[in-house]
Amino acid sequence: MNFRRGRGREEPEINFIPLIDVLLVILIFLMVTTTYSRFSELKINLPSAQGEQLKNKTIEIRVAVAADGAMAVDDARLARGDKAGLLARLKAAAAGKSDVVVVVNADANSTHQSVITVMEAAREAGLSQLTFATQNLKP
């Protein structure tokens, strides 16, 4: 019993024009209501003060760690794995001062243990400020 002989089946069709209209309205609404921060246009009058700058500079102790594990403290070379010598050099370089910064210049191929040895020696010497030197790579 086929009552629809002459008619072929029509495929449903999706009309995208109303969808595009709705999306454009939403886009316009978002563009109008969005606020943009412009920090570069802030005009700030900084306060002024008179006084001398502090002439106390922090003392830096530079510890170099080579790829093979050899170390140097302020250009004084140490043997590989000489933690006692490193500790003695750090204490001598610090000379009882508290604002000393230890700068570790470690080779990219140096072992992790070599850097940990420097960190432990700095801790045992009572030097708590430690930083690592890096270099900027040019593109």
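Each chain carries its own residue numbering, running from 1 in the direction its sequence is written. The predicted nature of this model means local features are confined to residues of pLDDT at least 70 and side-chain atom pairs, given and counted, to a pLDDT of 80 or more, with totals for whole chains, interfaces and linings taken over all residues. Note: side-chain values were computed over all heavy atoms of the structure, leaving out hydrogens and water.

Per an unreviewed UniProt entry, the protein chain goes by the name Biopolymer transporter ExbD and belongs to Chromobacterium sphagni. UniProt positions are given in the numbering used here, feature names are shortened, and annotations may be inferred rather than shown by experiment. Its UniProt record gives the protein chain the following Sequence similarities (unreviewed entry) comment, quoted word for word: "Belongs to the ExbD/TolR family."

Chemist: Let's hear about the overall build of the protein chain: which residues, and what values?
Modeler: Helix and strand counts for the protein chain come out as 3 helices and 5 strands. Ordered by position from the N terminus, the helices and strands of the protein chain form the series α-β-β-β-α-β-α-β. For the protein chain, the residues scored as buried account for 20% of the 139 residues in total. Taking as baseline every contact in the protein chain between residues at least 6 positions apart, the subset at least 24 positions apart corresponds to 65%. With residues, only the protein chains shown are counted as cover, and all accessible areas are computed by Shrake-Rupley using a 1.4 Å probe. When the accessible surface of the protein chain is totalled, it reaches about 12400 Å², and 54% of it is carbon and sulfur. The helix and strand labels rest on DSSP assignments: H or I over at least four residues marks a helix, E over at least two residues marks a strand, and numbering proceeds from the N terminus. For every residue, the accessible area (1.4 Å probe, protein chains only) is compared with the maximum for its type, and the residue is labelled buried under 20%, exposed over 50%, or partly exposed between those bounds. Whether two residues are in contact is decided by their heavy atoms, any of which lying within 4.5 Å being enough.

Chemist: Hey, could you go over the nonpolar core for me, with residue numbers and the actual values?
Modeler: Formed by 16 residues in total, the largest nonpolar core has its most connected members in Ile61, Val63, Val73, Leu86, Leu90, Val118 and Leu127. At the level of secondary structure, the elements contributing two or more residues to this core comprise strand S1 (59-65), strand S2 (71-73), helix H2 (83-94), strand S4 (100-106) and helix H3 (112-124). Discounting residues that sit within four places of it in the chain, Val63 has contacts with Ala72, Val73, Leu86, Leu90, Val102, Val103, Val104, Asn105 and Val118. To qualify as a nonpolar core, a set must consist of buried Ala, Val, Leu, Ile, Met, Phe, Trp, Tyr and Cys residues joined through side-chain atoms within 4.5 Å.

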